Amino acid sequence: MRKLPGLYRDICQHLALAQSRCYSPGLIDRLHHLTLRAHHQLYKREFRIGRRILDFLVTDFPSTLRRHHRYFWLSFLLFFGPGIVFGLTCYINPDMIYTLVDDASVAQMESMYDPESAHQLGRLEEMKDASRMMMFGFYVNNNTSIGFRTFAGGILAGLGTLFFLVFNGLVIGGIAGYLTRLDYIETFWGFVIGHGSFELIAIVISGMAGLLLGKAVVAPGNYSRLEALKRNAKEAVVLISGAACMFVIAALIEAFWSPTPMDASIKYIAGALLWLLVALYLYFTGRSSHAA
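Keep in mind that what you see is a predicted model, and the values were worked out from it rather than measured.

Reading the values: the criteria
Residues numbered from 1 in each chain as written. Predicted model: local features only at pLDDT ≥ 70, side-chain atom pairs only at ≥ 80, totals over all residues. Heavy atoms only, no water. Helix = DSSP H or I, 4+ residues; strand = E, 2+ residues; numbered from the N terminus. Buried < 20%, exposed > 50% of the residue type's maximum accessible area, 1.4 Å probe, protein only. Contact = heavy atoms within 4.5 Å. Areas by Shrake-Rupley, 256 points an atom, 1.4 Å probe, with all protein chains shown as cover. Patch = residues over 30% accessible without salt bridge, like charges linked within 9 Å, V, L, I, M, F, W, Y side chains within 5 Å. Salt bridge = Lys/Arg side-chain N within 4 Å of Asp/Glu carboxyl O. Axes fitted to C-alpha atoms, helices over the stretch in contact; angles between N-to-C directions. Parallel < 35°, antiparallel > 145°, perpendicular 65-115°, else oblique. Left-handed = near helix turned anticlockwise from the far one by under 90°. Expected span 1.5 Å × (residues − 1).

Chemist: What am I meant to see in the overall build of the protein chain here?
Modeler: A tally of regular secondary structure across the protein chain gives 11 helices and zero strands. Mapped from its N terminus to its C terminus, the protein chain presents α and β elements in the order α-α-α-α-α-α-α-α-α-α-α. Counting over 292 residues, the protein chain shows a buried share of 40%. For the protein chain, long-range pairs separated by at least 24 residues make up 77% of all intrachain contacts whose partners lie at least 6 apart in sequence. Split by element, the accessible area of the protein chain, about 16,800 Å² in all, is 66% carbon and sulfur.

Chemist: Can you walk me through a nonpolar patch on the surface in this structure?
Modeler: A cluster of nonpolar side chains, Ile-269, Leu-273, Leu-276, Leu-280, Tyr-283 and Phe-284, forms an exposed patch at the surface whose accessible area comes to about 640 Å². Relative to the helices and strands, Leu-273 is located in helix H11 (residues 264-284). With relative accessibility at 54%, the residue Leu-273 sits in the exposed group.

Chemist: Looking at this structure, I do not really get the packing of helix H7 (residues 132-152) against helix H10 (residues 225-256). What am I missing?
Modeler: The relative placement of two packed helices comes down to the angle between their axes together with the axis-to-axis distance. For the pair H7 and H10, the least separation of the axes is 8 Å and the interaxial angle reads 150°. When the interaxial angle is binned, H7 and H10 end up roughly antiparallel. H10 is crossed by H7, and the crossing has right-handed handedness. Listed contacts from H10 to Arg-132, Met-133, Met-135, Phe-136, Tyr-139, Val-140, Asn-143, Thr-144, Gly-147 and Phe-151 of H7 are Ala-236, Ile-240, Phe-247, Val-248, Ala-251, Leu-252, Glu-254, Ala-255 and Phe-256.

Chemist: Would you take a moment to explain helix H8 (residues 159-181) for this structure?
Modeler: Within an α-helix, residues lying three or four positions from one another point in the same direction, as the helix has 3.6 residues per turn. In a regular helix each residue adds 1.5 Å, so 23 residues correspond to 33 Å; H8 covers 33 Å between its end C-alpha atoms and thus fits that length. The first or second residue beyond H8 is Asp-183, which carries a positive phi of 70°.

Chemist: Teacher, can you tell me more about the pattern of salt bridges here?
Modeler: Note on pairing: side chains with opposite charge can pair once their charged atoms come close. The final tally for this structure, using the stated rule, is three salt bridges. A salt bridge links Arg-52 to Asp-60, with the shortest nitrogen-to-oxygen separation between them at 2.8 Å. Between Arg-231 and Glu-227 there is a salt bridge whose closest N-O contact spans 3.4 Å. In this pair, Arg-231 and Glu-227 both sit in helix H10, four residues apart, roughly one turn of the helix.

Chemist: What exactly am I supposed to notice about unusual backbone geometry here?
Modeler: Negative phi is the rule for most residues except glycine; trans is the rule for most peptide bonds. Positive phi values are uncommon outside glycine, yet Ala-157 reaches one of about 55°. Residue placement: Ala-157 occurs in the loop between H7 and H8. Positive phi is not limited to glycine here, since Asp-183 has a value of about 70°. With respect to the element layout, Asp-183 can be found in the loop between H8 and helix H9 (185-218).

Chemist: Just checking my understanding: could you explain the environment of Pro-115 for this structure?
Modeler: Along the chain, Pro-115 turns up in the loop between helix H4 (103-113) and helix H5 (118-121). The sequence separation of Pro-115 and Asp-183 amounts to 68 residues, and the corresponding C-alpha distance is 9.2 Å.

Rendered as structure tokens:
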């Protein structure tokens, strides 16, 4: 199989040479037949890989999520519940943010989203000079690391997953409430609304996958813990792989769309549509192929 690309190039050259020199039709037909066979063998694997990825995205991932929907909603509550409560707390009493976030990080957030800061006023120029691909890589690394830690924490009887879901929910919610209290609404919400649907739901799905691992450790049922872990890990890997795809989409939006200066109302509308798109995708996609 390793020699096939080289052989394919050779047979293409021989066919072109035979045609240009008007060799016998039998020889040209034979070379043409070999060229087609080589082309089929060379590219059919790539087609199968592409088809497998498509099947995963439109069938395996969403149907697996719906099959374990109770873990999705549990993870959703563990993440968004504390986040909303602490966000409201920081909105009412902004000093509460310092119980979870250090002074330097809070100051950095204020500078980043302050409408009057040089960062905001010069954001367009900065984005012309900076490499958006570098920011894309940074966001992918940062977001997937959060998701993977949340998922991997499930092996500790689910305790690690519970911690990361609640902690990340508290931090994200607290920062949102604090910056809203400072009236950095357009700069903050206008920036996060676009990629938030993919990023936050991917964190929830990562937690869902971790909870499946935790269930196998805590309540293996009629199986040994090892066997239950193997069974649940197959489903969890599908979920964390889907979450990784969502993290990549979120990073693309965050690097190339979110920083773009435009009317905030447009970003709010686009963000709302993306939230709706994610909900419709997870709820409806693949139902015709597998029962959810």
